[in-house]
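In case you want the letters, here they are:
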Amino acid sequence: MRSIRAAAVGAVTLSLALAATACGGGSATGSGSNDSPKTLTYWASNQGASIEADKKVLRPELDKFEQRTGIKVELEVVPWSDLLNRILTATTSGQGPDVLNIGNTWSASLQASGALLPWDEKNFAKIGGRDRFAETALGSTGAQGKDPAAVPLYSMAYALYYNKKIFADAGISKPPATWSELVADGKKIKAEGVSPLGAEGANLSENIHHVFVFAKQHGADFFTADGKPDFTDPKVVDAVKSYVDLMAKDKVIPAGDAEYAQNQSVSDFAKGKQAMLLWQTASANLKSQGMSEDAYGIAPVPVISGTPGDGTQVNSPVMGINMAVFKNTDNLDGATRFVKFMTSDEEQKILNKAYSAIPPVKSAQADPAFAAPDTAVLKDTLATSAAALPQVASESQFETAVGTAVKDLFADAAAGRPVTTGSVEAKLQKAQQQMPAA
Amino acid sequence: MTTTAFKEPVRQASSGAAARAPRRPGRLRRISLPYLLLLPALLLELLVHLVPMVIGIVMSFKELTQFYIRDWGTAPWSGLGNYQVSVDFDAPVGEALLHSFFVTVGFTLLSVGLCWLIGTAAAVFMQDTFRGRGLLRALFLVPYALPVYTAVITWAFMFQHDNGLVNHVLHDQLHLTDKPSFWLIGDNSFYALLTVSVWKGWPFAFLIVTAGLQNIPGELYEAAALDGAGTWQRVRRITLPSLRPVNQVLVLVLFLWTFNDFNTPYVLFGRSAPEAADLVSVHIYQASFVTWNFGTGSAMSVLLLLFLLVVTGGYLLLTSRGRRAADV
């Protein structure tokens, strides 16, 4: 009997010791060192048509960096669907990369975890100063009044992509500038038997980007000035309803798009099955699907009236990718040098060209490559009529809660159930109640 | 700290054993050997199940959000707060949890019932020898052998509104619906989920019941046939009662698997399932990993664990009592 008890006691002791170390493992409070100055791990977000395509773009640049500094960069391209969870795991365990890409809308949420190196004046000075970056891009690097949690790497904006031939066939001479023009054009296109506009009704982030623009155009915001969710404001309700009505009432978005979540609407557009697409920097994607560049035109996303500009004429969220350094990196100097390299004028031009994005670094924007008509639209949008998504710690929860509400409303519209002010308000109320009390 | 507190008894025990050792050298080894052999399994069980479970329970009492995930030990205690939020059925979080609980119960009962029914029917049917039986049996097991992700993503393609096979057959060919239905969003998603779950689950029932059938002596059937029992009577009076112990385990395992199934809904619907198919497992995943409220997520997991323990315990008690009664 004794030996059993001994074994049991030993086992319990061991388990407690393990539990204790497990607790300790969570406390990744180390604040960076230079213990391994020769290597870096970099998690790149999947930007191109595939992970392989990204490796082809990035590898030569990383080799260039190694030649210049002697620092070897281990690259891992992480698909979007995994990225947030991977970052979360790395944050909890403290076992993450040294440098990583984050979606710029997550900046404030990730900033709140305290896992990312804050970019104060001292750190910014190491990469050439804060003034090198466009103000709009800096607007989505963290909560206001705090040192940014990341620096901008690629900037993107939404635009209206339209199929020139389908437009000509329907007798439309120029792309719509307002939503009512879009609906009118859509009806003409539909009369020709072609689907007018694509959407990704079951993709939560896509839904958020669009209803955010509609909210801005209605003079509303999803959060109050002090960062509290305010989803049931009548203007917000109107804005969300206007977007869903493109399917429910105006019927310019086909019902089938309600279940799209895998960029099927981009394929539909690339295959010429659909006349218009509201998308961010789609050129590379369309090209990889075999659509030639002269087959489509790019115009600003429509507004309610007039032309895009400041104030309520916002027509795109500030989209893009930021670059962050994990606070507990073992190669702090190397990580900073790598960020400096990636945000240098030279690399900014190479990388943003490869991804058909706009450089958030002002001096690189001047390159003629970004003055082509398609990128010019995106550049103008970013400069004059784009707004940062709410930079609040609960941004990622907001994307899920409101994105799901819009998804459900699209499902209602697709099933032929009425989408009313009341039903929109009810869904948004539910979304608001799911937000953490902050 | 805790380590030192436990060290003392260990030393006592080992010194006690050492004191007795010279008297009967072989005995101690003989007694302790089985336990020593069990030790690795015991340790692994601790590491893989018990330790994470204890950590999960601790987490359920903490206010663990994105502000604390980096160092979760420092998250403030919230006492029973997370549990109160989870079971406050008038408030949104509790209401949604209750809704998803009822969806899961309905889904599980239907899925397990259908899996069992189809699996048993197929097994009984396959008892008779006929040409091609081996091939058919192998085909039956295909869903069980396929990787879950591959199978479910294929189903997701087939359920698509515009190009999916399901609408093509139901609408275009059989004209059963007046317009193509949505299967991956809205109310029909429940039936889509149920279909995939049953498709995936019944081969297991088939396999287990087939194994159970092998143990029924053929003489019973011969005797029954001599007494003039028909096929249905033989199934009812011999097959089903003999399968009872097998079925008890089968139903329990299917129940636990189906109730906790995460892969099927997640692959089919992504991180936010339609309300009609919002299973508890995905719901808890969403609370924890999508809205980053790990404390509430853990509390919900503990509640679910308690529920499953009660149900499983009750089931085992009932069935063992039934068996004892049958033995008498």
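Residues numbered from 1 in each chain as written. Chains lettered and ligands numbered in written order. Predicted model: local features only at pLDDT ≥ 70, side-chain atom pairs only at ≥ 80, totals over all residues. Heavy atoms only, no water.

Attention shifts here to the overall build of chain B. Assigned secondary structure in chain B consists of 14 helices and zero strands. Listed N to C, the secondary structure of chain B is α-α-α-α-α-α-α-α-α-α-α-α-α-α in terms of helices and strands. Relative to a compact globule of 328 residues, whose C-alpha radius of gyration would be 20 Å, chain B shows 26 Å and is clearly more extended. Across its three principal directions, the C-alpha atoms of chain B cover 80 × 60 × 35 Å. Scored against the burial criterion, the 328 residues of chain B give a buried share of 39%. Across chain B, the fraction of contacts at a sequence separation of at least 24, relative to all contacts at a separation of at least 6, is 65%. For chain B, the exposed surface amounts to about 18500 Å²; the carbon and sulfur share of it is 68%. Computed over 23 positive and 19 negative side-chain charges, the inter-centroid distance for chain B is 20 Å. (Helix = DSSP H or I, 4+ residues; strand = E, 2+ residues; numbered from the N terminus. Rg over C-alpha atoms; globule rule 2.2 N^0.38 Å. Buried < 20%, exposed > 50% of the residue type's maximum accessible area, 1.4 Å probe, protein only. Contact = heavy atoms within 4.5 Å. Areas by Shrake-Rupley, 256 points an atom, 1.4 Å probe, with all protein chains shown as cover. Lys, Arg positive; Asp, Glu negative; His and termini not counted. Charge placed at Lys NZ, Arg CZ, Asp CG, Glu CD.)

All names here are of chain A. Read across the open sheet, the four strands follow the order S6-S7-S5-S8; overall the sheet is mixed. Edge positions in the sheet fall to strand S6 (195-198) and strand S8 (296-299), since each has one partner strand and no second. Shown here is a sheet whose adjacent strand axes are inclined to one another by a mean of 20°, direction ignored. The pairing of strand S5 (residues 158-163) with S8 spans four bridges and is antiparallel. (Pairing = 2+ DSSP bridges. Axes fitted to C-alpha atoms, helices over the stretch in contact; angles between N-to-C directions.)

Now for the side chain of Ser356(A). Tracing the sequence through the fold places Ser356(A) in the loop between helix H14 (345-354) and helix H15 (362-365). For Ser356(A), the contacting residues outside a window of four places in its chain are Thr281(A), Ser283(A), Ala284(A) and Leu378(A).

This brings us to the sheet that holds strand S2 (residues 72-78) of chain A. Residue and element names in this part refer to chain A. Here five strands make up an open sheet; going across it, the order is S2-S1-S3-S10-S4 and the pairing mixed. One side of each edge strand has no neighbouring strand; the edge strands of this open sheet are S2 and strand S4 (151-156). Pairs of neighbouring strands in the sheet enclose a mean axial angle of 20°, with direction left out of account.

What follows deals with the environment of Phe67(B). Within the element layout of this structure, Phe67(B) appears in the loop between helix H2 (25-59) and helix H3 (81-87). Among the residues examined, Phe67(B) registers a relative accessible area of 43% and is labelled partly exposed. A C-alpha to C-alpha distance of 27 Å links Phe67(B) and His49(B), two positions 18 residues apart in sequence. Phe67(B) has contacts with Ala112(A) and Ala393(A), leaving out every residue within four places of it along the chain.

Before going further, it helps to spend a moment on the packing of aromatic side chains. Residues and elements named next belong to chain A. All told, the structure shown has 40 aromatic pairs over all chains when counted by the stated rule. Residues Phe214 and Tyr243 carry aromatic rings whose centres are separated by 5.6 Å and whose planes lie at 45° to one another, so their mutual orientation is tilted. Taken together, the positions of Phe214 in helix H9 (residues 204-217) and Tyr243 in helix H10 (residues 234-248) put the pair 29 residues apart, joining distant regions of the chain. The burial state of Phe214 is the same as that of Tyr243; both residues are buried. (Phe/Tyr/Trp six-rings, centres within 6.5 Å; stacked < 30°, edge-to-face > 60°.)

The next subject is the pattern of salt bridges. Residues and elements named next belong to chain A. Inspection of every chain in the model, using the stated rule, returns 20 salt bridges over all chains. Between Asp226 and Lys228 there is a salt bridge, with its nearest N and O atoms 3.9 Å apart. With a shortest N-O distance of 3.8 Å, Lys349 and Asp367 are connected by a salt bridge. Taken together, the residues span a long stretch of sequence, with Lys349 in helix H14 and Asp367 in the loop between H15 and helix H16 (373-385) at a distance of 18 residues. (Salt bridge = Lys/Arg side-chain N within 4 Å of Asp/Glu carboxyl O.)

Quick look at the side chain of Gln264(A) now. Along the chain, the position of Gln264(A) falls in helix H11 (residues 264-270). Excluding residues that lie within four positions of it along the chain, Gln264(A) makes contacts with Glu200(A) and Gln160(B).

All names here are of chain B. Look at helix H7 (residues 148-158) against helix H9 (residues 189-214): their axes get within 11 Å of each other, and the N-to-C directions meet at 140°. Relative to H9, H7 is oriented so that their crossing is right-handed. Each of Val148, Ala151, Val152 and Trp155 in H7 lies in contact with H9, whose residues at this interface are Thr195, Val196, Trp199 and Lys200. Each residue belonging to the contact of H7 with H9 can be placed in one class, and the counts come to six nonpolar, one polar and one charged. (Left-handed = near helix turned anticlockwise from the far one by under 90°. Nonpolar A, V, L, I, M, F, W, Y, C, P; charged D, E, K, R; others polar.)

Attention shifts here to the confidence of the model for chain B. Residues and elements named next belong to chain B. Of the residues in chain B, 90% reach a pLDDT of 70 or more, and the chain-wide mean stands at 87. No element of chain B has a lower mean pLDDT than helix H1 (residues 2-20), at 45, and none a higher one than H9, at 95. Contacts for the low-pLDDT stretch residues 1-19, under 50 throughout, to residues beyond four places or in other chains number eleven contacts. Reported for the predicted complex are a pTM of 0.84 and an ipTM of 0.80. (pLDDT = per-residue confidence, 0-100.)

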